[in-house]
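# Fold and contact review
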Amino acid sequence: MSSIMSAALRTVPASGRSAPPKGHPPRLDIQGLRAVAVGLVVLSHAGVSQVSGGYVGVDVFFVISGFLITSLLLRELAATGRISVRSFYARRALRLLPVSSLVIAVTLVGSWLFLSTARLAEYAGDALAGALYVVNFRLAAAGTDYLAQNSPPSPFQHFWSLAVEEQFYLVWPLLLLLTWRFARGRRRLVAVPLGVLCLGSFAASLLVTDSSAPWAYFGSLTRAWELGAGALLALGSSRLERLPAAVAAPLTWLGLACVTLAALRYDDATPFPGYHALLPVAGTALVLAGGCAPAPHGAGWLLGRRPLVWLGGLSYGWYLWHWPLLVIAPMALGRTDGTAGVPLALGLSAAALGLAWLTLRLVENPVRFHRVFRRRPRRALVLGTALTAGASALSLTATAVPPTIEVGAPAPALARALSDAPAPRARLTELLASSPTALPSNLTPPLPEVRSARSAVYRDGCHADYAATTTRPCVYGDRTSSRTVVLFGDSHAAQWFPALQRLATARGWKLVSLTKASCKVADVTIVSRHAPYTACDTWRADAIARIRTLRPDLVVVSSSDAGDPARPAADPLRQWTTGFANTFRDLGSSGVRVAALLDTPWPKGDPIDCAAGNSLQLRACANHVPDTTPDATRSTALRAAAATTATTVIDPTPWLCAPRTGLCPVVVADTAVYRDDSHLSEAYAAALAPVLAPSLDRLVGAP
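No experiment lies behind these values; they were computed from the predicted model shown. (Residues numbered from 1 in each chain as written. Predicted model: local features only at pLDDT ≥ 70, side-chain atom pairs only at ≥ 80, totals over all residues. Heavy atoms only, no water.)

With that out of the way, let us pick up the overall build of the chain. When you go through the chain residue by residue, the secondary structure sums to 28 helices and 13 strands. For 703 residues, the compact-globule estimate of 2.2 N^0.38 gives 27 Å, and the chain sits close to it at 29 Å. Taken over the C-alpha atoms alone, the chain extends approximately 85 × 50 × 45 Å along its principal axes. Taken over 703 residues, the chain has a buried fraction of 55%. Taking all contacts inside the chain whose residues are at least 6 apart in sequence as the whole, residues at least 24 apart take part in 82%. Here the chain displays about 29,000 Å² of accessible surface, and carbon together with sulfur accounts for 61% of that area. (Helix = DSSP H or I, 4+ residues; strand = E, 2+ residues; numbered from the N terminus. Rg over C-alpha atoms; globule rule 2.2 N^0.38 Å. Buried < 20%, exposed > 50% of the residue type's maximum accessible area, 1.4 Å probe, protein only. Contact = heavy atoms within 4.5 Å. Areas by Shrake-Rupley, 256 points an atom, 1.4 Å probe, with all protein chains shown as cover.)

Structure, rendered in structure tokens:
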């Protein structure tokens, strides 16, 4: 979305500024189309449910950008036979960097002051990646990290679209110049390699959307065809200018209808981009194509209205300012959940529009049109380099000098206390009852590092993602042991891996991990992303078949009590009971012992963020039994199924909540209990190994 302002934008010269250069007459319909696009994005981000697919506004910007930038490059080629790459990047530096650098700096300060101190290093990393135009890669990688998917959005997340554009324009001017010279200026031949690249990018978008939605959404390879579509239009603009009005006008209205339909019908569950992106991209292309031959009754009649043209002129600044305000302002206003209702979000978006107007008048145009940069691309590049370096340095400084988290006195070392205790469960009960009210000074690991810890299951890629349908051979502990223990379930089973790995190492077990994202143990088809999660059913069957061939001594199963719902049933309790019983019978049919770990008590919100904001009042973050159970139906069903299948049930609630008071603290001794809003921290799970050991030893056989 970096090219959302027209090169023909006009302002009245002020002292120290020269007037914008005269060039191709502005297309007011494009300015209006920008207004539509940014309006859709802002309304969608503000939570207006009627435009749940407003994110397609970014796709509109991509097509507009490809069309306008390529048109400028083609005019330069036609006039001079060459492209001044230095001048091209100088213009972009003047156009983009003053405002984006200012937004990055202000957003960093706002994040430092008001957002979770435990996440500041993460946000500073996003700011650095945004300044260097690579934040889309960082977001794609985070999106494929199952444990990071429920994290609150980064205030720098919207910089991904600028990164995609700049990555495209690193190669496009040079590629256009080479093909132009090879084709000797014949636009039809120039379009051939671009068309092939667009087809390849679109094919990649189709494939990656199915296999890895975050990389499809944020990736430059899967988005390049959208910018390329605009570039192809620019190559054919001379022919499009000869369209008869009877054809051009309906094309523009049809295109605008396509964009509107996508914004109204799509939502977060729409697999995007993939083939769904064709609708907004084609719609934008139709508006641009028909607008090449302006017709009195075309959509340009609407898009060229002064309010839309004015709003389109502010679209770049509005896009950059609105998202940080929506993320940071609710926290600054004391909304601890970090969310803003629609009325507040719309008010904040209006404030962002005011900031965009001020930025245009005081920063954007004064720098962009200042005479000191007129026909001096080297100066513009030096300024761009300095701004990028400054934003990067500020990001690194924020990482090096995080806000102080107040702490209290040191606490006992949990892992050592339980390992050394003659009765680990009794000792844990004591520590739960005396959990610290202030964050211990010796918290291990420190609060900002709790989330980033990853057990071998995640580091080795052994936790299957949503699309996986087969299991991977992930074996730990003593690989030659005659005693085998299998861990089976979803991420709430994987959270127990640190404890099981510690026990397997100490007792000489072979440990096999079979876990999959959001895939329940029960033989029940759940609905995920508005569709039956059949990949889970296939994977579960494959995992059970593999367990039968392994003939382990014990299978430890566990899964979350919350998450995606099951297919609608008249009696959900019976549905889940039957599902668990089917799985337990399938596992135990060959004589395998099965131990079912009930789901762990859930915290109240995000415990890490809460602890960072209430470091001297940790009790404010604690949850209480029975509020810790998101869906009692599933735990009841599991117990009922276990009773009929000789399955051992292990309830971890007394290991996380004080038995007498029902208080479930977020910190016990020197260890954070949770890593996020539902999973145990790596350190706490590992520390619980001595507490879990007696139950498993009885089933496997004591060493």
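Of all the bends in helix H16 (residues 342–368), the largest measures some 50° and sits at Leu360. Buried within H16 we find Ala345, Leu348, Ser349, Ala352, Leu353, Ala356, Thr359, Leu360, Glu364, Asn365, Pro366 and Arg368. (Bend = angle between axes of the 7 residues up to and from the residue.)

Turning our eyes to something else, we now look at the pairing of strand E7 (residues 554–558). Counting buried residues in E7 gives five out of five residues, a clear majority hidden from the surface. Going residue by residue along E7, you find Leu554, Val556 and Ser558 tucked away on one face and Val555 and Val557 tucked away on the opposite face as well. Relative to E7, strand E3 (residues 484–489) runs parallel, the two sharing five bridges. Note that in E7 the partner of Val486 across the bridge is Val555. Note: E7 against strand E8 (residues 593–597), four bridges, orientation parallel. (Pairing = 2+ DSSP bridges.)

The next thing to look at is the state of the cysteines. With the rule as written, the count across this model stands at four disulfides. Between the sulfur atoms of Cys462 and its disulfide partner Cys474 the distance amounts to 2.0 Å. On the S-S bond that ties Cys462 to Cys474, the torsion sits near -90°, and the link is left-handed. One end of the pair, Cys462, is in the loop between helix H20 (456–459) and strand E1 (463–464); the other, Cys474, is in the loop between E1 and strand E2 (475–477), and 12 residues separate them in sequence. Covalently, Cys519 is tied to Cys536 through a disulfide, its sulfur atoms 2.0 Å apart. (Disulfide = S-S within 2.5 Å.)

Right, let's get into a nonpolar patch on the surface. Residues Val109, Trp112, Leu113 and Phe114 make up a contiguous nonpolar surface patch of roughly 380 Å² in combined accessible area. Tracing the sequence through the fold places Leu113 in helix H3 (residues 85–114). With a relative accessible area of 52%, Leu113 lands in the exposed category. (Patch = residues over 30% accessible without salt bridge, like charges linked within 9 Å, V, L, I, M, F, W, Y side chains within 5 Å. Salt bridge = Lys/Arg side-chain N within 4 Å of Asp/Glu carboxyl O.)

A word on the packing of aromatic side chains. Evaluated as defined, the whole model comprises 20 aromatic pairs. On the numbers, 5.2 Å between centres and 80° between planes, the contact of Tyr217 with Phe218 is edge-to-face. Aromatic pair Phe488 and Trp539: ring centres 5.8 Å apart, planes at 20°, arrangement stacked. On the criterion of sequence distance, the pair formed by Phe488 in strand E3 and Trp539 in helix H23 (residues 534–550) is long-range, its members being 51 residues apart. (Phe/Tyr/Trp six-rings, centres within 6.5 Å; stacked < 30°, edge-to-face > 60°.)

Most of strand E4 (residues 510–516) is tucked away, with six of its seven residues classed as buried. Sheet analysis places E1 next to E4, joined by two bridges and oriented parallel. The partner of His463 across the bridge, within E4, is Thr515. Bridge count for E3 against E4 is six bridges, and the pairing is parallel. Paired with Val485 across the strands is Leu511, a residue of E4.

With that out of the way, let us pick up unusual backbone geometry. Between Phe272 and the following residue, Pro273, the backbone shows a cis peptide bond with an omega angle of 10°. Following the sequence through the fold, Pro273 ends up in the loop between helix H11 (245–265) and helix H12 (278–291). Thr444 connects to Pro445 through a cis peptide bond whose omega is -5°. Secondary-structure assignment places Pro445 in the loop between helix H19 (424–433) and H20. The phi dihedral of Ala646 is positive, around 60°, even though this residue is not glycine. Summarising the element assignment, Ala646 is placed in the loop between helix H26 (632–643) and strand E10 (648–650).

One pass over the structure, following the stated rule, counts 22 salt bridges. Between Glu226 and Arg223 there is a salt bridge, with the nearest N and O atoms lying 3.2 Å from each other. A single burial state applies to Glu226 and to Arg223, both of which are buried. For Glu682, the salt bridge is made with Arg675, and the minimal N-O distance between the two is 3.0 Å. For the residue pair Glu682 and Arg675, the accessibility class agrees, reading buried in each case. Counted as one network, the salt bridges with shared partners bring together Arg119, Glu122, Arg451, Asp606 and Asp609.

Closest axis-to-axis distance for the H23/helix H24 (residues 572–588) pair is 9 Å, and the angle between their directions is 30°. Taken together, the axis directions place H23 and H24 in an arrangement best described as roughly parallel. Across from Arg540, Ile544, Ile547 and Arg548 in H23, the residues of H24 making contact are Thr583, Asp586 and Leu587. Of the residues that constitute the contact of H23 with H24, the class distribution is three nonpolar, one polar and three charged. (Axes fitted to C-alpha atoms, helices over the stretch in contact; angles between N-to-C directions. Parallel < 35°, antiparallel > 145°, perpendicular 65-115°, else oblique. Nonpolar A, V, L, I, M, F, W, Y, C, P; charged D, E, K, R; others polar.)

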